[in-house]
Amino acid sequence: MPFLWSTVAGDGQLYGNRDKGSEGDVTNRYHFSYPGYSEILTGIADDERLVSNDKLLNPNRTILEWLNGMPAYKGKVEAFGSWDVFPYIVNEERAGVPVNAGFEAYEGDTKRVAILNELQEQVPSPWDTVRLDAFTMGYAREALKREKLNFVYIALGETDDFAHDGHYDQYAMAAHRSDKAIADLWAWLQLDPRYAGRTSLIITTDHGRGSESLETWKHHGRFPYTKEDGTTAVSEFAGDGEIWMAFLGPDTPARGEVAGETVTLNQVAPTAAALMGLTFEDSHEVLAHGEVIEAAVRK
Ligand SMILES: [Zn+2]
């Protein structure tokens, strides 16, 4: 991941190297995708209601919905995901935020969008519910080109699915491709006067997958299951709640790889808001969202 270890580690901030005492963790109980993505986007871990990866409309408001509710940002927020559950996680209809995910064609009148739409139908994905990331990133790039957007969420999926399939080579190559795709996006943003010098990039992951053994690296998540003797147990993959996150942009002081500072996934949305000069407000009546990572936001 050369972009992460050169540009981000040089000009931005990188959290999550446990060997350096920088722990990154999810705060949700489940360590799988829906609860993780919701924690990223809403700032809270709703362990009572978000208990599966089912297509359940998120009862909680994401940062996208919150921003889209403000006159200054209305219509300037968009989301792109490789996994077809994102319209539910974002609660697209209620939020009024366009979410292009799964195998949806994108509405756009550029030649490139037309080619991507055509290829998306012709190129087989290895998975039923997740498309290849080139389409997700390709559509997001076209959206950013078409009009000035204020907040874009892009969720890539290949690393997780290749890992579940047990293809370590493809897993590693997908991580390398994701890094390159983000590098290309960043380079392009610096060339466009609408974004250059005023855009922040936050990169993170919805869960970890541990590194305990050759078998368990493939999977993650706390799921109840029935054992051979008929009793129930909960799956355990040591380390699957460990995550990392990175910040890059004009409002983030260059600190490189951070040591000795712990972060949690529920801090991403409040920190994203802080980078926009805003104070995040979640919609949950009881649970509190994470705190802003103050060191990632220039005073
Ligand atoms: Zn997974």
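Note that residues are indexed from 1 along each chain, following the sequence as it is written. This being a predicted model, a pLDDT of at least 70 is required before a residue's local features are given, and a value of 80 or more before pairs of side-chain atoms are given or counted; all residues contribute to the totals for chains, interfaces and linings. As a convention, hydrogens and water are excluded, and side-chain values are obtained from all of the structure's heavy atoms.

Caption draft 1: Spatial organisation of the nonpolar core. Within the largest apolar cluster, 46 residues are counted, with the highest numbers of intra-cluster contacts made by Ile63, Leu64 and Phe86. Think of it this way: any DSSP run of H or I at least four residues long counts as a helix, any run of E at least two long counts as a strand, and we number them from the N terminus. Breaking this core down by element, the ones donating at least two residues are helix H2 (33-42), helix H3 (63-68), strand S3 (77-81), helix H4 (86-89), strand S4 (99-101), strand S5 (151-155), strand S9 (245-248) and helix H10 (268-275). It only takes one pair of heavy atoms within 4.5 Å for two residues to be counted as in contact. Ignoring any residue separated from it by four or fewer positions in sequence, one finds isoleucine 63 in contact with Leu41, Phe151, Ala269, Ala272, Ala273 and Phe280. What makes a nonpolar core is a set of buried Ala, Val, Leu, Ile, Met, Phe, Trp, Tyr and Cys residues whose side-chain atoms join them at distances within 4.5 Å. Relative accessibility thresholds used throughout: buried, under 20% of the residue-type maximum; exposed, over 50%; partly exposed, between the two (1.4 Å probe, protein chains only). One finds Val8, Phe135, Ala143 and Trp186 within the second-largest nonpolar core, a separate group that totals 28 residues.

Caption draft 2: Structural detail: the side chain of arginine 131. Inspection of the secondary structure puts arginine 131 in the loop between helix H6 (111-122) and helix H7 (133-146). As used throughout, the charge tally considers Lys and Arg to be positive and Asp and Glu to be negative, leaving His and the chain termini uncounted. The salt bridge definition used is simple: a Lys or Arg side-chain nitrogen within 4 Å of an Asp or Glu carboxyl oxygen. Of the side chains bearing the opposite charge, glutamate 104 lies closest to the buried arginine 131, which forms no salt bridge; the N-O distance is 6.7 Å. By the criterion applied in these results, polar contacts are pairs of N or O atoms within 3.5 Å in which, for protein atoms, one can donate a hydrogen and the other can accept it, and in which residues neighboring in sequence qualify only through two side-chain atoms. Within the structure, arginine 131 has its side chain in polar contact with the backbone oxygen of glycine 81 (distance 3.2 Å). When near neighbours in sequence (up to four residues on either side) are disregarded, arginine 131 contacts Gly81, Ser82, Asn100, Ala101, Gly102, Phe103, Glu104, Gln120, Ser125, Thr136 and Tyr139.

Caption draft 3: Broad picture of the coordination of the zinc ion. Within the protein, Asp160 (OD), Asp160 (OD), His164 (NE2) and His220 (NE2) serve as the donor atoms for the zinc ion, at 2.0 to 2.4 Å. Donor atoms: N, O and S within 2.8 Å of the metal, or within 3.2 Å for Na, K and Ca. Because water is excluded, sites can look incomplete. Square planar and octahedral sites, with four and six donors, are those where opposite donors lie more than 155 degrees apart and all other angles lie between 65 and 115, tetrahedral sites have four donors with every angle between 85 and 135 degrees, and the rest are irregular. The coordination sphere of the zinc ion comprises 4 donor atoms, whose angles at the metal cover 56 to 144°; the geometry is irregular. Given a relative accessible area of 16%, aspartate 160 falls into the buried group.

Caption draft 4: Main features of the sheet that holds strand S6 (residues 201-204). What makes two strands pair is DSSP finding at least two bridges between them. Read across the sheet, 4 strands follow the order S6-S9-S1-S10 without closing on themselves; strand pairing throughout is mixed. One side of each edge strand has no neighbouring strand; the edge strands of this open sheet are S6 and strand S10 (256-257). In this structure, S6 lies alongside S9, joined through 4 bridges in antiparallel fashion. Directly across from leucine 201, in S9, lies its bridge partner leucine 248. Packed onto the sheet, H10 meets S6 and S9 and runs at close to 170° relative to S6. Between the N-to-C directions of two axes lies an angle of 0 to 180 degrees, each axis being a line fitted to C-alpha atoms and, for a helix, fitted only over the stretch in contact.

Caption draft 5: Spatial organisation of the packing of aromatic side chains. For Phe, Tyr and Trp, where Trp contributes only its six-membered ring, two rings pair if their centres lie within 6.5 Å, and the inter-plane angle classes them as stacked under 30 degrees, edge-to-face over 60, or tilted in between. Taken as a whole, this structure holds 15 aromatic pairs when the rule is applied. Relative to tyrosine 139, the ring of tyrosine 106 lies with its centre 5.5 Å away and its plane at 35°, an arrangement referred to as tilted. One end of the pair, tyrosine 106, is in the loop between S4 and H6; the other, tyrosine 139, is in helix H7, with 33 residues separating them in the sequence. For the pair formed by tyrosine 106 and tyrosine 139, the shared burial category is buried. The structure contains a cluster of three or more aromatic residues connected by ring pairs, namely Tyr37, Trp83, Phe86 and Tyr153.

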